[in-house]
Amino acid sequence: MNKALRKAVIAGNWKMNKTRPEAKALVEELKPLVKDAGCDVVVCVPFTNLETVLDAAKGSNIKVGAQNCHFEKSGAFTGEISADMLTEMGVEYVVIGHSERRQYFGETDATVNKRTKAALAAGLTVILCVGEMLEDREAGITDELVALQTKVALKDVTKEQLAKVIIAYEPVWAIGTGKTATAQQANEVCAVIRATIEKVYDKAAADAMTIQYGGSMNAGNAAELLAQPDVDGGLIGGASLKAPDFSVIVDAASK
Ligand code: PGA
């Protein structure tokens, strides 16, 4: 299948930013800028902003996501949010396994797998993050590591469920550092992920899989990254906090 037939998805990851009034203002500013987007547009916002952003985005083409969810349905898990709590609100997407969760909050490939399965069971679309640290790249193990992260994260995920999975390749050394992977580096690893999907599932699944690049993607470099044959979209941190910048990336993905 041709890249043009895959769904391009540009998702903003607001991380721990924006109060409710600020979140509302950002979505209101973004709505007219992306209303004619030729790709899917998602904003993944802090839990406290979900209701505000769902409300502000109503009737627009902006979809709303959370940045994490727990793998149990309910219970004694202080500070956590379940997948069902998200779907009940109308949330459609969730980021799982972001490197900041892996680095700072003890997330492992095994818990990423559990969260992915719980989110899919609840009907959410999962933006599953994988990516190597700088020392992994320097040690020459990027491909193996990212393939392994992908395999473990998707363990026991069915081919049918895979239709609701987007994979975001995010080299950790490129996140929030202003150091973007070159278009070629991004494409190489996205192709490794696609080959992994083909191995574990089949070619049709691999051809249909939306694979994003994330890591200092911005208004200036998005077009080149998104033009790569295996890069189907972007997961955008810093640049998603500025509506004009984010909309330039959406435009680049709409071509
Ligand atoms: P960045 O973040 O665009 O600020 O590098 C990307 C991400 O962490 O998803």
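Residues numbered from 1 in each chain as written. Predicted model: local features only at pLDDT ≥ 70, side-chain atom pairs only at ≥ 80, totals over all residues. Heavy atoms only, no water.

*Asks:* I keep staring at the pattern of salt bridges and nothing clicks. Help me out?
*Replies:* Should their charged atoms come close, side chains of opposite charge can pair. Summed over the entire model, instances satisfying the criterion amount to 18 salt bridges. Ionic pairing is found between E80 and R115, a salt bridge with its closest N-O pair at 3.6 Å. Here R115 lies in helix α5 (residues 109-121) and E80 lies in the loop between β3 (62-66) and α3 (83-89), a separation of 35 residues in the sequence. Judged by its relative accessible area of 30%, E80 is partly exposed. For K117, the salt bridge goes to D156, with nearest N and O atoms at 3.8 Å. Here K117, found in helix α5, pairs with D156, found in the loop between α7 (142-153) and α8 (159-162); they are 39 residues apart in sequence, far enough to count as distant. On the accessibility criterion, K117 (28% relative accessible area) is partly exposed. Under the relative-accessibility criterion, D156 is labelled exposed at 55%. A network of salt bridges, in which partner residues are shared, links R6, R194, D230 and D232. (Salt bridge = Lys/Arg side-chain N within 4 Å of Asp/Glu carboxyl O. Helix = DSSP H or I, 4+ residues; strand = E, 2+ residues; numbered from the N terminus. Buried < 20%, exposed > 50% of the residue type's maximum accessible area, 1.4 Å probe, protein only.)

*Asks:* Is there a simple way to think about the site of the ligand in this case?
*Replies:* In the region of the ligand, 13 residues are neighbours, and K15, H98, E170, G176 and S216 sit closest. In the environment of the ligand, an oxygen atom lies 2.7 Å from a nitrogen or oxygen atom belonging to the backbone of S216. Within the backbone of G238, a nitrogen or oxygen atom sits 2.8 Å from an oxygen atom of the ligand. Computed on the free molecule, the ligand has an accessible area of 280 Å², of which 95% lies beneath the protein chains in the complex. Classifying every residue of the shell around the ligand gives four nonpolar, seven polar and two charged. (Near = heavy atom within 4 Å. Polar contact = N/O pair within 3.5 Å; in protein donor to acceptor, adjacent residues only side chain to side chain. Areas by Shrake-Rupley, 256 points an atom, 1.4 Å probe, with all protein chains shown as cover. Nonpolar A, V, L, I, M, F, W, Y, C, P; charged D, E, K, R; others polar.)

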